[in-house]
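Each chain, written out:
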Amino acid sequence: MFNVCPNCGWYDANKIIVPEGPHAVCTDCDYRHQFLRLPLFVLTGASGVGKTTACLGLSKRTQEIVALESDILWREEFDQPATNYREYREMWLRVCKNISQAGKPVILCGTALPDQFESCIERRYFSEIYYLALVCDDEVLAENLKNRPSWRRSSTEQRINEQITFNRWLKQNAQHTKPAMSLLDTTKLTVEETVTGVLDWVNSVR
């Protein structure tokens, strides 16, 4: 949307943000475009912890936020660990920024860490980004991955061990990331209770 200047047509995500308004200022002609600077909510966690299921539940429970599963736009060309998946994160921030202009914030569900978003150019268009990581017991996570359809290739020993390691890392390090992540342990929660927990978190930080 407004990466293209409505005055001169110059395309640039790297606009200057003036908090008053707020306005995004074109770097070519100084045109000030007023926009909505809403928060973004990121729901992360290891594969198999229940992010997608929670995202589906959120869509049914509230019309105040837009719940999106980030995997819907994943393609092989975005698999760029050397850049910390920068192109993929920039794309999703751009999508969420434009959706926010309708007056509803986005909760983006998918495995991610704060540093992958906070370093992006598109980060400047959000007032805050809040992070919630779903975690669970190792045994529950392993069982969830084993029960997935075979086409998802989630039940190999290597894949399960990778996700258990990441799940443990989140439990130990969530408070040390910048910004810190909140945690929600879903081990003993139903899907409905997990969705309620996510919504309670959203309401507590927004």
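Here the residue numbers are simple positions, counted from 1 along each chain's written sequence. Local features in a predicted model are, by the rule used here, given only for residues with pLDDT of at least 70; side-chain atom pairs are given and counted only at 80 or more, and totals for whole chains, interfaces and linings are based on all residues. As a rule here, side-chain values cover all heavy atoms of the structure and leave hydrogens and water aside.

Caption draft 1: Main features of the nonpolar core. Among buried residues, the Ala, Val, Leu, Ile, Met, Phe, Trp, Tyr and Cys ones that are joined through side-chain atoms within 4.5 Å form a nonpolar core. Exposure is judged per residue with a 1.4 Å probe applied to protein chains only, and the accessible area is read against the type maximum: over 50% gives exposed, under 20% gives buried, and values in between give partly exposed. The biggest cluster of nonpolar side chains holds 49 residues, and the ones touching the most others in it are Leu40, Leu43, Ile107, Phe117, Ile129 and Val198. Whether two residues are in contact is decided by their heavy atoms, any of which lying within 4.5 Å being enough. Excluding its chain neighbours within four sequence positions, the residues that come into contact with isoleucine 107 are Phe41, Leu43, Leu58, Ile65, Val66, Ala67, Leu68, Val198, Trp201 and Val202. Counting 5 residues, the second largest nonpolar core, distinct from the first, contains Phe2, Ile17, Phe35 and Tyr125.

Caption draft 2: Representation of the state of the cysteines within the structure. Cysteine sulfur atoms are paired as a disulfide whenever they fall within 2.5 Å. Evaluated as defined, the whole model comprises 0 disulfides. With no disulfide of its own, cysteine 26 has cysteine 8 as its nearest cysteine by sulfur position, at a separation of 3.8 Å. Cysteine 55 provides the cysteine sulfur closest to cysteine 109, a residue in no disulfide bond, and the two sulfurs are 3.6 Å apart.

Caption draft 3: Up close: the layout of surface pockets. Two kinds of site are reported from a 1 Å grid over the protein atoms alone, namely cavities, where a 1.4 Å probe fits but cannot get out, and pockets, open sets with protein on both sides within 12 Å along at least five of seven lines, and residues are called lining when an atom falls within 4 Å of a point. Grid points are joined across faces, edges and corners, and a volume is the space filled by probe spheres set on the points. Estimated volume of the largest pocket: approximately 1500 Å³. For the largest pocket, the lining is made up of 39 residues, of which Ser47, Lys51, Asp71, Thr111 and Arg159 are closest to its centre. Comment: elements are numbered from the N terminus, with helices defined as DSSP H or I runs of at least four residues and strands as E runs of at least two. Sorting the residues of the lining of the largest pocket by element identifies helix 1 (51-61), helix 2 (86-100), helix 4 (138-146), helix 5 (157-173) and helix 6 (191-205) as the ones contributing at least two each. When residue character is reported, Ala, Val, Leu, Ile, Met, Phe, Trp, Tyr, Cys and Pro are called nonpolar, Asp, Glu, Lys and Arg charged, and the others, Gly included, polar. Per-class residue counts for the lining of the largest pocket are 13 nonpolar, 15 polar and 11 charged.

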